[in-house]
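Understanding the architecture of this molecule
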Amino acid sequence: MHVDADAAETARWNRIGDLLPDPAAAQEFKDSRLIGEQEAGLVVLVERLLAGQVPLSGEDRARISVLAETWGLRQAVAPGLVRCLGDGGPTPVQLLDGDAEEAEVLTGRSEPELAALVLAPWIGCTRCGRVLLRAHDWEDWDDLSHLVQRYVIIGPEHASALRIFPGDAAEEAFAALLEDCPAA
């Protein structure tokens, strides 16, 4: 099972690296994972996408955000990622990511495991209106905690949680947003 998970992670990493039009830059990004420099690789990836004005689909932008989230870098790369050029094509998802100050947060949820958490919209399904949110603690210093407690998919009416995932399941939550869409 571990081998399959590692192969899937490598495939996701390589697919994102292939977004870079320069083969040497793409290989450098792919190699960053092999040498344990994933964090640096993700920062450089976004910098190169911006500098090269590489157009990204909404799905690719979301996939990069999810990968950055799994490596603890979403906040660091989000400002650059949202400035990357769009490709203008149709996309099943769009990145709703912003800083905590900019995000419309949801509170007062009826689900017991979400009641004390603040939900920040992250990725929206353009087909059915469902939204993937990050659930955070609200800290004493009047801001969201950097640590995500849960990932939550809500329906377009925002009434209830359709699925709740643990704080280490960003990739699984994103896959469910894509695969469980009733409009797909």
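Look up a bit, the structure's there.
What you are looking at is a predicted structure, and each value in this text was computed from that prediction instead of being measured.

With that settled, the discussion passes to the side chain of Arg 74. Here Arg 74 lies in helix 5 (residues 74-83). Here Glu 69 takes part through its side chain, which lies 3.1 Å from a polar atom of the side chain of Arg 74.

One pass over the full model with this rule turns up two aromatic pairs. Consider the rings of Trp 13 and Phe 29, whose centres lie 4.5 Å apart with planes at 5°: the pair is stacked. Taken together, the residues span a long stretch of sequence, with Trp 13 in helix 1 (residues 2-17) and Phe 29 in helix 2 (residues 23-34) at a distance of 16 residues. The pair formed by Trp 13 and Phe 29 is uniform in burial state, with each residue classed as buried. Ring centres 5.7 Å apart and planes at 35° place the aromatic pair Trp 122 and Tyr 151 in the tilted group. A residue pair is termed long-range when its members are at least 10 positions apart, and Trp 122 in strand 2 (residues 118-125) and Tyr 151 in strand 4 (residues 143-154) qualify at 29 residues. This pair shows no difference in class: Trp 122 is buried, exactly as Tyr 151 is.

With that settled, the discussion passes to the pairing of strand 2. By the criterion of burial, strand 2 is predominantly enclosed, with eight of the eight residues buried. Looking at chain direction, strand 2 and strand 3 (residues 131-139) are connected through six bridges and run antiparallel. Note on strand 3: the bridge partner recorded for Pro 121 is Leu 133. If you look at the hairpin formed by strand 2 and strand 3, you'll find five residues sitting between the two strands, and Gly 129 has a positive phi there, around 90°.

Once that is clear, we can look at the environment of Leu 20. Mapping Leu 20 onto the fold places it in the loop between helix 1 and helix 2. Sequence separation of Leu 20 and Gly 52 is 32 residues, and the distance between their C-alpha atoms is 8.6 Å.

This part covers the nonpolar core. Ranked by internal contacts, the top residues of the largest apolar core, which has 41 residues, are Ile 64, Ile 123 and Leu 132. The greatest single-element share of this core, amounting to six residues, is contributed by helix 6 (residues 170-179). Apart from residues lying up to four places away in sequence, Ile 123 is in contact with Ala 62, Val 66, Val 93, Gln 94, Leu 95, Leu 96, Arg 130, Val 131, Leu 132, Phe 174 and Leu 177. Of all hydrophobic cores here, the second largest spans nine residues; its members include Leu 114, Leu 117, Leu 119 and Leu 133.

Next up on the list: the pattern of salt bridges. By the definition in use, this model includes nine salt bridges. Arg 33 serves as the salt-bridge partner of Asp 6, at 2.8 Å between the closest nitrogen and oxygen. Here Arg 33 lies in helix 2 and Asp 6 lies in helix 1, a separation of 27 residues in the sequence. Take Asp 6: its relative accessible area is 36%, and that puts it in the partly exposed class. Between Arg 74 and Glu 69 there is a salt bridge, and its shortest N-O distance comes to 3.1 Å. On the basis of relative accessibility, which here comes to 7%, the residue Arg 74 falls in the buried class. Each of Glu 9, Arg 12 and Glu 171 takes part in one network of salt bridges that share partners.

Below, the discussion takes up the state of the cysteines. A full pass over the atoms with the stated rule returns zero disulfides. Free of any disulfide, Cys 128 has its nearest cysteine sulfur in Cys 181, 3.6 Å distant.

Definitions and limits used
Residues numbered from 1 in each chain as written. Predicted model: local features only at pLDDT ≥ 70, side-chain atom pairs only at ≥ 80, totals over all residues. Heavy atoms only, no water. Helix = DSSP H or I, 4+ residues; strand = E, 2+ residues; numbered from the N terminus. Polar contact = N/O pair within 3.5 Å; in protein donor to acceptor, adjacent residues only side chain to side chain. Phe/Tyr/Trp six-rings, centres within 6.5 Å; stacked < 30°, edge-to-face > 60°. Buried < 20%, exposed > 50% of the residue type's maximum accessible area, 1.4 Å probe, protein only. Pairing = 2+ DSSP bridges. Core = buried A, V, L, I, M, F, W, Y, C linked by side-chain atoms within 4.5 Å. Contact = heavy atoms within 4.5 Å. Salt bridge = Lys/Arg side-chain N within 4 Å of Asp/Glu carboxyl O. Disulfide = S-S within 2.5 Å.

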